[in-house]
Amino acid sequence: MCAIAGILSLEARRETLDKMLETMARRGPDDRGYWQTDGCSLLHSRLAIIDPEGGRQPMALNFGGESYVLIYNGELYNTQELRRELEQAGHSFAGHSDTEVLLHAYAQWGEDCVNRCNGIFAFAVWEEGRKRLFLARDRIGVKPLFYMRHQGGLLFASEMKTILQYPNVAAQLDEQGAAEIILLGPGRTPGCGVFHGMQELEPGCCAYFEEKKLRVRRYWSLKDREHRESFEETVDRVRYLVQDAICRQMVSDVPIGTFLSGGLDSSLISAVCAREMAKKGQQLQTFSVDYVDQEKYFYPGKFQPNSDTHYIQLMRSALNSDHHWTVLSPEDLVGVLEEATVARDLPGMADVDFSLLAFCREIRQFGKVALSGECADEIFGGYPWYRDPQVRAIDGFPWAQNAQQRAGLLCGAVTDRISPLDYIQDRYRDTCAQSDILPGTSPQERRMKEMMNLNFRWFMQTLLDRKDRMSMYSGLEVRVPFCDYRIAQYLYAVPWEFKDHQGKEKGLLRTAMADFLPPEVLWRKKSPYPKTFDPRYETLVTERLEVLLEDPAAPLFQLVGRDTVRELLHQDFQWPWYGQLMRLPQTIAYLLQIDFWLRHYDVQFLF
């Protein structure tokens, strides 16, 4: 994986390029380079995974009378198929990198190349003859790509911090950005970059920048279709798709490992990888995170019914893996609050981000590539809000059922300009209305498709943001096989009764992959990414917030009411702030992140 950035139709001094490249170093510690021509500067920082020598970037190609230059962040999982097709069309290759294949694919097919790629990517291609830039992002949104129109030109990058290095680009927050942080955060509206003027190229979108005009189009989205396969045929198809996605994503010129939580998704990925590696006489490396005294303090709840340790040990034994534990203390979590905020460029999922950042740092000591189980719950319907009829019927985002509480936090300078509840509901209803659903679909099936589209475009993006930024901060590439677009595309049309087979969350997936796991793991009730239950964590973040409450210069209180936050310290939530795990300690940590973020980025308020 890598980091990319570009400057179009704007001055690009070497000093500016160096500053931008410096912000990209963590994502790409192995190499860096830039390419310039009149009106275009392209920057690249590389984490070398495949063909370390032959995949250097920016990469140039002369073909068909045009000169192309590519910068690319990502991984293609159908490289060999594309290479064969391109060779038949007359292309020849100097190395075996997917970068070279992607560049030739664009030269051959132009913007249609994105429809042929199976992978995770964000890339840019400059056409020297036509003086235009092409930008594209993968269908699911695994790899990030932000941009900003500035003084008639265009700035783009893998991360916001890189764009903010350009001269006279300030970190500014208007009322919409404030609403995103407080009313929707840590989620955000698709395409919104929170900072004033910052946007994100949405998943499944591509764009041309030519003659100082930017033209964006969507090339892929979830589409409904009639599902004609029987349950048994659907099981067979799911089994093939999941296995194929995992095996494709094992391709690497460096060793790979897997995240192992003891839950269904990471255990399946680990089991498939272990089988494939055993055929070559290799042992899989697996990685788990735990917390000091977790068994002492853990208590079951609606969203986290049991602890992971026992199931991790079961899988470790079943896989015969080379297993590594990372054990974190409350002090470890609070100690990376600031780093996690900088890694994400925004306030995030509090200690879930903190633990993942620390965890990825440990994994990076053993290798550069790991596979993880994100996104199975969104696609196969695993979350509690898919399966609870009462929650399902609520007219609002099911993972954040606290609109009134959030609205009550916002300061008057923002609420004078926007209606908080309307802001939330407008975005929720727009997404529901954009769900592609065949005529004649039953009310229940219609709602389940709305739920999948909501989760796909909102909640899943928050998790993908988290995984990309926390891992790439340490130069670790994390692949997510369940984000193979073929799986999402197929499952969108599969009826809910199949997905909920035997009344079990992800019953279809469990049935399809039954022979890969011990029964105790296969039928384990869903449990989310682990969090600490140690009361010291709540004490530590509460103490920090109490200090902040006494700081008259704290920028946090230009967004939220000081007295309202003081009252929050003594409340318990009926529903988590966000998702399943962000209860009071995590909400406190989120507010601390906001204050640090406002200070660190020297955010200017526009309201």
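As shown above, the structure is provided for reference.
Numbers given for residues are sequential positions, taken from 1 along each chain in its written order. Under the rules for a predicted model, residues below a pLDDT of 70 receive no local features and side-chain atom pairs below 80 are neither given nor counted, while totals for whole chains, interfaces and linings still include all residues. Hydrogens and waters are ignored; side-chain quantities use all the structure's heavy atoms.

(A) Spatial organisation of the pairing of strand β1 (residues 2–8). Burial runs high along β1: 7 of the 7 residues are buried. Note on exposure labels: buried denotes an accessible area under 20% of the residue type's maximum, exposed denotes more than 50%, and partly exposed covers the range between, all computed with a 1.4 Å probe on protein chains only. A helix here means a DSSP run of H or I that spans at least four residues, while a strand means a run of E at least two residues long, and both kinds are numbered starting from the N terminus. Burial of the side chains of β1 extends over both faces: Cys 2, Ile 4, Gly 6 and Leu 8 are buried on one face and Ala 3, Ala 5 and Ile 7 on the other. As paired elements, β1 and strand β3 (residues 40–46) share 7 bridges and run antiparallel to each other. Bridge pairing in β3 links Gly 6 to Leu 42. Any two strands with at least two DSSP-identified bridges between them are counted as paired. Examined bridge by bridge, β1 and strand β9 (residues 153–157) share 4 bridges and lie antiparallel to one another. Across the sheet, Ala 5 pairs through a bridge with Ala 157, a residue of β9.

(B) Looking closely at the layout of surface pockets. Empty space within the largest pocket amounts to approximately 380 Å³. Along the wall of the largest pocket there are 27 residues; nearest its centre are Pro 190, Glu 202, Pro 203, Arg 218 and Arg 457. Of the residues contributing to the lining of the largest pocket, the split by class is 8 nonpolar, 9 polar and 10 charged. Put plainly, a pocket is an open set of points on a 1 Å grid over the protein atoms alone with protein on both sides within 12 Å along at least five of seven lines, a cavity is a set where a 1.4 Å probe fits but cannot get out, and a lining residue has an atom within 4 Å of a point. Grid points are joined across faces, edges and corners, and a volume is the space filled by probe spheres set on the points. Only Asp, Glu, Lys and Arg are considered charged in this grouping, and only Ala, Val, Leu, Ile, Met, Phe, Trp, Tyr, Cys and Pro are considered nonpolar; every other residue, Gly among them, is considered polar.

(C) The arrangement of the side chain of His 227 in detail. By the secondary structure assignment, His 227 is in the loop between β13 (213–218) and α6 (231–248). You can call His 227 buried: its relative accessible area is 16%. There is a polar contact of 3.3 Å between the side chain of His 227 and the side chain of Glu 229. His 227 has contacts with Thr 234, Tyr 490, Ala 493, Val 494, Pro 495 and Phe 498, leaving out every residue within four places of it along the chain. Each polar contact in these results corresponds to two N or O atoms within 3.5 Å; when the atoms are within protein, one needs to be able to donate a hydrogen and the other to accept it, and residues that are neighboring in sequence are counted only if both atoms are side-chain atoms. Contacts are assigned to residue pairs that have any heavy atoms within 4.5 Å of one another.

(D) Structural detail: the packing of helix α2 (residues 79–88) against helix α3 (residues 98–109). Following both chains from N to C, one finds α2 and α3 inclined at 45°, their axes separated by 10 Å at the closest point. It follows that α2 is oblique to α3 by the angle criterion. Seen along the crossing, α2 lies across α3 with a hand that is left-handed. Between α2 and α3, the residues in contact are Thr 79, Leu 82, Arg 83, Glu 85 and Leu 86 and Asp 98, Val 101, His 104, Ala 105, Gln 108 and Trp 109, respectively. Of the residues belonging to the contact of α2 with α3, the class tally is 5 nonpolar, 3 polar and 3 charged. For helices, the axis comes from a line fit to the C-alpha atoms of the stretch in contact; other axes are also lines fit to C-alpha atoms, and the angle between any two N-to-C directions lies between 0 and 180 degrees. An angle below 35 degrees is read as roughly parallel, one above 145 as roughly antiparallel, one from 65 to 115 as roughly perpendicular, and any other as oblique. By definition, turning the near helix anticlockwise from the far helix through less than a right angle yields a left-handed crossing, and turning it clockwise yields a right-handed one.

(E) Summary view of the side chain of Lys 467. Position of Lys 467 relative to the elements: it lies in helix α19 (residues 443–472). Classification of Lys 467 by relative accessible area gives buried; the value is 3%. Here Lys 467 is in contact with Phe 259, Leu 356, Ser 372, Glu 374 and Val 478, once residues within four sequence places are set aside.

(F) Broad picture of the environment of Ala 94. Turning to its location among the elements, Ala 94 is positioned in the loop between α2 and α3. Taking the relative accessible area as the measure of exposure, Ala 94 reaches 80% and is therefore exposed. When the C-alpha positions of Ala 94 and Gly 55 are compared, they lie 9.7 Å apart, and in sequence the two are 39 residues distant.

(G) Molecular detail of the sheet that holds β1. Spatial strand order, β2-β3-β1-β9-β8-β11: 6 strands in an open sheet with antiparallel pairing. Of all the strands in the sheet, just β2 (31–37) and β11 (198–200) have a single pairing partner and so form its edges. Strand-to-strand twist across the sheet, computed as the mean angle between neighbouring axes with direction ignored, equals 15°. Each of β1, β2 and β3 touches helix α1 (residues 14–23); the most contacted strand, β2, lies at about 145° to it.

(H) Just the packing of aromatic side chains, in detail. Pairing of aromatic rings covers Phe, Tyr and Trp, the last counted by its six-membered ring, and requires centre-to-centre distances within 6.5 Å; plane angles under 30 degrees mean stacked, over 60 mean edge-to-face, and any other angle means tilted. Under the definition given, this model contains 25 aromatic pairs. Taking the centre distance of 5.2 Å and the plane angle of 80° together, the rings of Trp 385 and Phe 459 count as edge-to-face. Here Trp 385 is found in helix α14 (residues 384–387), whereas its partner Phe 459 is found in helix α19, with 74 residues between them in sequence. Among the residues examined, Trp 385 registers a relative accessible area of 3% and is labelled buried. The exposure class assigned to Phe 459 is buried, which follows from its relative accessible area of 3%. Ring plane angle 45° and centroid distance 4.6 Å describe the contact between Phe 397 and Trp 458, whose orientation is recorded as tilted. One end of the pair, Phe 397, is in the loop between α15 (389–392) and α16 (403–409); the other, Trp 458, is in helix α19, with 61 residues separating them in the sequence. You can call Trp 458 buried: its relative accessible area is 4%.

(I) Main features of the packing of helix α11 (residues 337–344) against helix α12 (residues 351–363). Contact pair α11 / α12: the axes reach a minimum separation of 9 Å and the direction vectors enclose 85°. With respect to α12, the axis of α11 lies roughly perpendicular. When α11 is examined against α12, the residues Leu 337, Glu 339, Ala 340, Ala 343 and Arg 344 are found in contact with a partner set consisting of Asp 353, Phe 354, Leu 357 and Arg 361.

(J) Representation of the environment of Glu 127 within the structure. Mapping Glu 127 onto the fold places it in strand β6 (residues 119–127). For the pair Glu 127 and Pro 398, spaced 271 residues apart in sequence, the C-alpha separation works out to 44 Å. When sequence neighbours within four positions are dropped, the list of residues in contact with Glu 127 reads Glu 66, Ser 67, Tyr 68, Tyr 106, Arg 132 and Tyr 208. Side chain to side chain, Glu 127 and Arg 132 meet in a polar contact 2.9 Å long.

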